[in-house]
Amino acid sequence: MIRKRIAALPLVFGLLSILLFALSVWIMNTSGSWQRILMLGIPAVTGSITSLILGISILRKKPEGGTYGLAMAGSITGGTSLVFWVVMIPMLLVFTLPARQLEPEDPQLAQSCAQMRIWVRHIKTFHREHGRLPVRLDELVDKGYARDHLLYDPRQRRRDAPSYRLMVREMPPETEWATTPLLEGRIPNPRDGTRLIVYADETCGTIGH
């Protein structure tokens, strides 16, 4: 009985290490706090190494029956957990955390910027085909260049007026596309009061309130 209890220790340490691994993945997906992951990683790796060492030491004594099964299961669990922590966690930290940092803080603001880029492309197409800029964005909708839902910023609750307006009457030369905004958003950012603008080269920026 005592031998079986001792043989169960590698499995217990290995399972705890895997549970800590699952918890670290959850933390990475929710908060991205590598400090908290490191705090979990130290005891988890220690547990997986302990599980592996205990399991191998018991297996060397050539146990039989349930004792052998527990020791083998503990060794496999500890080794698997160690691989997770030594290989997978660093990979997740390298690829997942930078991706999280690149995610926009305000998805609706990012969507509005994307919509404004689409408008700039339609404006360029219209200019290329008609030799002039549209009078209003509605003209692009009327002539089938764009759909009417793109007229409204996702942050605009009432669709009583288009969210964007043209800032120029003539298309600037291509050498000035990076410095000439074509489109301005009407919806201010509640944090600082700035509004979105999109340049002729399709990059987004902001303008003061």
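Description of the structure in this document. (Residues numbered from 1 in each chain as written. Predicted model: local features only at pLDDT ≥ 70, side-chain atom pairs only at ≥ 80, totals over all residues. Heavy atoms only, no water.)

This part covers the pairing of strand β3 (residues 195–199). Direction of pairing for strand β2 (residues 181–185) relative to β3: antiparallel, over a ladder of three bridges. Counterpart to proline 181 in the pairing with β3 is tyrosine 199. Where β3 lies against strand β4 (residues 204–207), four bridges are found, and the strand directions are antiparallel. Looking at the pairing, leucine 196 lines up with threonine 206 of β4. Once β3 ends, the chain turns through four residues before running back antiparallel as β4, passing glutamate 202 with a positive phi of about 75 degrees. (Pairing = 2+ DSSP bridges. Helix = DSSP H or I, 4+ residues; strand = E, 2+ residues; numbered from the N terminus.)

Membership of the largest hydrophobic core comes to 22 residues, with the highest contact counts inside it found for Trp119, Ile123, Leu137, Leu140 and Leu183. The set of elements that each furnish at least two residues to this core consists of α4 (107–130), α5 (137–142), β1 (164–166), β2 and β3. With six residues, the single largest contributor to this core is α4. Phe21, Ile37, Leu40 and Ala44 belong to the second-largest nonpolar core, a separate cluster that totals five residues. (Core = buried A, V, L, I, M, F, W, Y, C linked by side-chain atoms within 4.5 Å. Buried < 20%, exposed > 50% of the residue type's maximum accessible area, 1.4 Å probe, protein only.)

Overall, the coordinates contain one disulfide when judged by the stated rule. A sulfur-sulfur distance of 1.7 Å marks the disulfide that ties cysteine 113 to cysteine 204. Taking the sign of the S-S torsion, about 110 degrees here, the bridge from cysteine 113 to cysteine 204 comes out right-handed. Of the two residues, cysteine 113 sits in helix α4 while cysteine 204 sits in strand β4, which places them 91 residues apart along the sequence. (Disulfide = S-S within 2.5 Å.)

Below, the discussion takes up α4. Because an α-helix packs 3.6 residues into every turn, residues spaced three or four apart end up facing the same way. Here α4 contains 24 residues, and its C-alpha end-to-end distance of 34 Å stays within 8% of the 34 Å for a straight helix at 1.5 Å per residue. Among the residues making up α4, those that are buried are Ser112, Cys113, Gln115, Met116, Trp119, Val120, His122, Ile123, Lys124 and Phe126. The elements touched by buried residues of α4 are α5, β1, β2, β3 and β4. Glycine 131 sits one or two residues past α4 and shows a positive phi near 75 degrees. (Expected span 1.5 Å × (residues − 1). Contact = heavy atoms within 4.5 Å.)

Function-wise, these values are silent; they only describe arrangement.
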